[in-house]
Every structure is written in structure tokens, then in C-alpha cells.
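Here is how the chains run, residue by residue.
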Amino acid sequence: EASRLIEGLESEEASIDEAYAALFRHGDSRVVIDKTVDYAMDKEILDRIGRVGHKRRFIYLVRHPLPTIDSMLRTGLHEAYSQILGTAWDVSDEIWRRWNRNIIDFLSTVPEEEVFLLHYEHLVAQPAKSVEALLNWLGLEFSESLVSLYENEEWRQEYQQRVEQHAGEALEWNKQIENPLLLQY
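S.K.: Account for the nonpolar core, naming residues and giving values.
M.R.: Across soluble globular proteins, nonpolar side chains show a tendency to be buried alongside one another. Among the nonpolar cores identified, the biggest contains 16 residues, and Tyr39, Ile49 and Leu107 are the most heavily contacted of them. Not counting chain neighbours up to four residues away, the residues in contact with isoleucine 49 comprise Ile16, Tyr20, Tyr39, Arg56 and Phe58. Judged by nonpolar contacts, the second largest core, of nine residues, contains Met41, Met72, Ile95 and Trp99.

As C-alpha cells, then:
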């Protein structure tokens, strides 16, 4: 049913406001989650989302810039932002900065109790603890099956290697953050 609703909204080229209204009308007591990364590039979209009048919650998943930029370069994401001039590294760095600057500016207008800060490095290093904290904040029940992805030893090792690769930089970066919103985790 949700898939048909989304397809209909897309075919009608519904605005974000119309889409959210339709999702909340049809969602009953379920949770509506939107994880559209591109919204972070546009302050106007974030402001419109901020006006959603339902029981809203914002999960700010922040990741150290080095592995984020590395991922952008490997996947070619930087190429989608051709309006930003510079080397691939410069473009990726600017994307990361804009995303996070816009999100921090937006979240500074949202009541603190509506924001959950989740560090990607914590999520990967301690998935059960991170997911349980998030679900508790959302008022939802935790189940080990939600983190079963990390039971696969090969996946766990791959992600752990990525975290360890940048662990020193990430810890130093977390210490240097000046914005208190980012330190609330």
C-alpha cells in the first residue's frame, strides 16, 4: 500500500508538503521516515520539513568527513554537484561542509527534544547500543534482529576496518567540534 501511495505521489509530482501530508494521513500510528540526503543541500527544503506539524523527530547521523569524502569520491557522488567548482576532493569536501552546516543551522531552530544525534562511527562500532538508544528515544522497542546485519562476520570486519582506519582522525575531530549540538550524543 505504501509503495502505491509513493508511486502516485511521484507521478503527480506532489510537493514535499503534499507528500508528507499524504503519508501522515495514511500512516495511522506508524512512523514515517525520510532519509533523503539531498535535502541537506537546500535550506529551504529543510525549513519546509521543519514546519511539519506532526510528532516529528530528527535523527542527525553525522560521520567523520574523511571517510565520507572518500565514499563520495569512490561512488562518484561529487559529480552530481557540478555547480561546485574545484577538484573532486574540493567538491566532496564542500558537499560535506554544506550538508552539515545546513543541518546544524536547521536543527538549531528545532526543540532539543526533537533531535537525536548519532555518530556513524558509534553506530558501526556498537550497533546494538546505538540502535537501542535511538529506539528508546523514539519510544520504540529494541530487538536484536534489528542489528543482525552486523552478525555477519565478514560485514562486521569490513565495517570495523573502515572505522579503525579513520578512528584516530575521528576521535580528534569529535574533540575539536565547537558546535555544542554535535557534542550532545
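After that view of the structure, there is still more to cover.
S.K.: How would you sum up the side chain of serine 92? Please name residues and give values.
M.R.: Structurally, serine 92 is set in helix α5 (residues 88–107). Every residue in contact with serine 92, bar those within four places of it in the chain, is listed here: Ile69, Met72, Leu73 and His78.

S.K.: Run through the pairing of strand β1 (residues 58–62), naming residues and quoting values.
M.R.: On any regular strand, side chains alternate: one points to one face of the sheet, the next to the other face. A one-sided burial pattern is seen for β1, the buried positions being Phe58, Tyr60 and Val62 and the unburied ones Ile59 and Leu61. In this sheet, strand β2 (residues 115–119) lies alongside β1 in parallel orientation, the contact comprising five bridges. By the bridge assignment, tyrosine 60 is partnered in β2 with leucine 117.

S.K.: Explain the packing of aromatic side chains to me, using residue names and the numbers behind them.
M.R.: As enumerated under the stated definition, the model contains two aromatic pairs in all. Summarising the aromatic geometry, the rings of phenylalanine 116 and tryptophan 137 are spaced 5.3 Å apart at their centres and angled 40 degrees between planes, so their arrangement reads as tilted. Of this pair, phenylalanine 116 sits in strand β2 while tryptophan 137 sits in helix α7 (residues 127–138); the two residues are 21 residues apart in sequence, bridging distant segments of the chain. Relative accessible area serves as the criterion here: at 10%, phenylalanine 116 is assigned to the buried category. Under the relative-accessibility criterion, tryptophan 137 is labelled partly exposed at 22%. Of note, arginine 63 hangs over the ring of tyrosine 120, and the distance from its end group to the ring centre comes to 4.3 Å.

S.K.: Could you give me a rundown of the packing of helix α3 (residues 43–50) against α5, with the residues and numbers involved?
M.R.: It is the contact of α3 with α5, at a shortest axis distance of 10 Å, that shows an interaxial angle of 30 degrees. Judged by the angle between their axes, α3 and α5 are roughly parallel. Crossing hand, α3 versus α5: right-handed. Residues Lys43, Leu46, Asp47 and Gly50 of α3 form the contact with α5, whose own contacting residues are Asn102, Ile103, Asp105 and Phe106. Tallied by class, residues from the contact of α3 with α5 come to three nonpolar, two polar and three charged.

What counts, and at which threshold
Residues numbered from 1 in each chain as written. Predicted model: local features only at pLDDT ≥ 70, side-chain atom pairs only at ≥ 80, totals over all residues. Heavy atoms only, no water. Core = buried A, V, L, I, M, F, W, Y, C linked by side-chain atoms within 4.5 Å. Buried < 20%, exposed > 50% of the residue type's maximum accessible area, 1.4 Å probe, protein only. Contact = heavy atoms within 4.5 Å. Helix = DSSP H or I, 4+ residues; strand = E, 2+ residues; numbered from the N terminus. Pairing = 2+ DSSP bridges. Phe/Tyr/Trp six-rings, centres within 6.5 Å; stacked < 30°, edge-to-face > 60°. Lys NZ or Arg CZ within 6 Å of the ring centre and 35° of its normal. Axes fitted to C-alpha atoms, helices over the stretch in contact; angles between N-to-C directions. Parallel < 35°, antiparallel > 145°, perpendicular 65-115°, else oblique. Left-handed = near helix turned anticlockwise from the far one by under 90°. Nonpolar A, V, L, I, M, F, W, Y, C, P; charged D, E, K, R; others polar.

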